[in-house]
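What the coordinates show
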Amino acid sequence: MRDLQHFDVSGALLDWYDRHAREMPWRVGPAARAAGTRPDPYRVWLSEVMLQQTTVAAVRDYFHRFTTRWPTVAALAAAPDEAVMGEWAGLGYYARARNLLKCARAVSEEHGGQFPDSYEGLIALPGIGPYTAAAIAAIAFDRAETVLDGNVERVMARLHDVQEPLPGVKPVLKEHAAAITPAKRPGDHAQAVMDLGATICTPRTPACGICPLRPPCLARQRGTAADLPHKSPKKPKPIRHGHVYLAQHSDGGWLMERRPDKGLLGGMLGWPGSDWSEAPEPSPPFEAQWRELPAEVRHTFTHFHLILRIHTAPLEVDTAPEGLVIIDKHAFRPSDLPTVMRKAFDLWRGQ
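Residues numbered from 1 in each chain as written. Predicted model: local features only at pLDDT ≥ 70, side-chain atom pairs only at ≥ 80, totals over all residues. Heavy atoms only, no water.

**Points about the overall build of the protein chain**
Within the protein chain, the regular secondary structure consists of 14 helices and 6 strands. Seen along its three principal axes, the alpha-carbon backbone of the protein chain occupies a region of about 80 × 45 × 30 Å. Out of the 351 residues belonging to the protein chain, those deemed buried represent 48%. Pairs at least 24 residues apart make up 68% of the contacts formed inside the protein chain by residues separated by at least 6 positions. Surface summary for the protein chain: the accessible area is close to 17500 Å², and the carbon and sulfur share equals 52%. Between the centroid of the 41 positive side chains of the protein chain and the centroid of its 40 negative side chains there is a distance of 6 Å. (Helix = DSSP H or I, 4+ residues; strand = E, 2+ residues; numbered from the N terminus. Buried < 20%, exposed > 50% of the residue type's maximum accessible area, 1.4 Å probe, protein only. Contact = heavy atoms within 4.5 Å. Areas by Shrake-Rupley, 256 points an atom, 1.4 Å probe, with all protein chains shown as cover. Lys, Arg positive; Asp, Glu negative; His and termini not counted. Charge placed at Lys NZ, Arg CZ, Asp CG, Glu CD.)

See the structure below:
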C-alpha cells in the first residue's frame, strides 16, 4: 500500500484522464488542449451554470439549443428575457436563468464581451459563486484554483476516509482538494477529479479495482468507501397548496401576471393565483363563475412540494385587471412558461 504523502495523486489523475476523459460538447479534451486548443470561456461558463443541481445527461440538449441559438455571450446578452426563460424551462432553479442573463449582460457591457480570466474577476460577476468562479478560472484559463463539486467532495472524503458528515465538513474536503491541485494543467486536473467521481468513484458501488487512486485511498483500505461521504439527515420537505386561474378571451388572449423580480419564478409570466401556503385562500382575479378542474398540478421545488388547484373561466373584458396583463394569442407560447405553470396549462388543455 502507498500512503498519500508519497503518492503523486495529481499525476495519477492526469495520466488516467488523458486516457479516459469524457467527451462533452463544452469540453476541450486533453489531446486537443495539449495541441494548443483553448476552451471557450462562454461555453465553460454556460455549462457550469446549467450543471448546477442537474446531470450531464439532462444538460446536453439544453446546451446544444442554447449555443445554437446564442453562440456567443454577446448574442445571449441581447436575447429577450422570455426567450431565454423559455429555453431554460425544465432545468429548474429559474434564478439561475435570471442570473445567466445578468451575467451575460455584465460581461458584454462592462468587459467588452470577454470573461475576466481570474477568480477575483469572475466572482464579481452576477450569479457567479465560489464554485463556478473556481471552475471557470481553472478550466477556461488554467488558473490553479480548487474546484469542489459533489464528485470532488466524494473523492476527497474517500481518499482521506473523512467520517464527519456533509455539509459541515466541506471546508476540510476543500483543504484536501487544494493540497493536490497542481500548478501545471490545473484545468485538466479539475476535470479529472470530477470525471473520476462521475465514472469510477460513484455514489454507489464504486469501482475501486480500476481506480487510479486505489493504492493510497484510506477508505478502500479500511472498507468504508461505499459509505462515504456521510451526510447530515435532511428534513422532510413541507407541502404547500395554491390556486391558479386560467382565463381566456374569445379572441384567444390569456390573462396572466408577471411575477415579482425577486423570489420563486422571479420576473416570469404565469397564471394569476393565490399565495402558496398550507391553507391559501382562493383569490380569483375577477368575479366569474369559476370552474375547478378535476385534476391538480403537483410540482417539487428545492425546499417544498406544491399542489395547485386549477380554476378556469372565460375572460369577457378587453382590459386586464390591475397588476395583470392580457397576452395576445399570437404572442402566447406555452414553452416560455415555467414548468409549474406549463403543467397547469397542459392540464387545462387536456380537459
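Back to the text.
**What to know about the nonpolar core**
The nonpolar side chains of a soluble globular protein tend to be buried with one another. The biggest cluster of nonpolar side chains holds 99 residues, and the ones touching the most others in it are Trp45, Leu213 and Trp271. Once residues within four sequence positions are removed from consideration, Trp271 is found in contact with Val244, Tyr245, Leu246, Trp254, Leu255, Met256, Glu257, Phe332, Leu337, Met341, Ala344 and Phe345. One finds Tyr245, Trp290, Ala313 and Leu315 within the second-largest nonpolar core, a separate group that totals 8 residues. (Core = buried A, V, L, I, M, F, W, Y, C linked by side-chain atoms within 4.5 Å.)

**A look at the pairing of strand E5 (residues 305-315)**
Within E5, 8 of the 11 residues are buried, which leaves the element mostly enclosed by the surrounding structure. As judged from the 11 bridges shared by strand E1 (residues 239-249) and E5, these two strands associate in the parallel manner. By the bridge assignment for E5, Leu246 is matched with Thr312. Here strand E4 (residues 291-300) runs beside E5; their pairing, made up of 7 bridges, is antiparallel. (Pairing = 2+ DSSP bridges.)

**Points about unusual backbone geometry**
With an omega of 5 degrees, the peptide bond running from Leu166 to Pro167 counts as cis. If you trace the backbone, Pro167 turns up in the loop between helix H10 (150-159) and helix H11 (170-179). Phi at Asp161 takes a positive value of approximately 50 degrees, unusual for a residue other than glycine. The topology assignment puts Asp161 in the loop between H10 and H11. Non-glycine residue Arg185 carries a positive phi angle of around 60 degrees. With respect to the helices, strands and loops of the structure, Arg185 is situated in the loop between H11 and helix H12 (186-199).

**Digging into the packing of aromatic side chains**
Per the stated rule, a full pass over the model turns up 18 aromatic pairs. Centre to centre, the rings of Tyr245 and Trp290 are 5.0 Å apart; their planes meet at 75 degrees, and the pair counts as edge-to-face. Of this pair, Tyr245 sits in strand E1 while Trp290 sits in the loop between strand E3 (269-270) and E4; the two residues are 45 residues apart in sequence, bridging distant segments of the chain. Ring plane angle 50 degrees and centroid distance 6.0 Å describe the contact between Trp271 and Phe332, whose orientation is recorded as tilted. Here Trp271 is found in the loop between E3 and E4, whereas its partner Phe332 is found in the loop between strand E6 (325-327) and helix H14 (339-350), with 61 residues between them in sequence. Both residues of the pair, Trp271 and Phe332, count as buried. One Lys or Arg, Arg65, reaches over the ring of Tyr62 and ends 4.7 Å from the middle of that ring. Positioned above the aromatic ring of Trp276, the side-chain terminus of Arg259 is 4.8 Å from the ring centre. (Phe/Tyr/Trp six-rings, centres within 6.5 Å; stacked < 30°, edge-to-face > 60°. Lys NZ or Arg CZ within 6 Å of the ring centre and 35° of its normal.)

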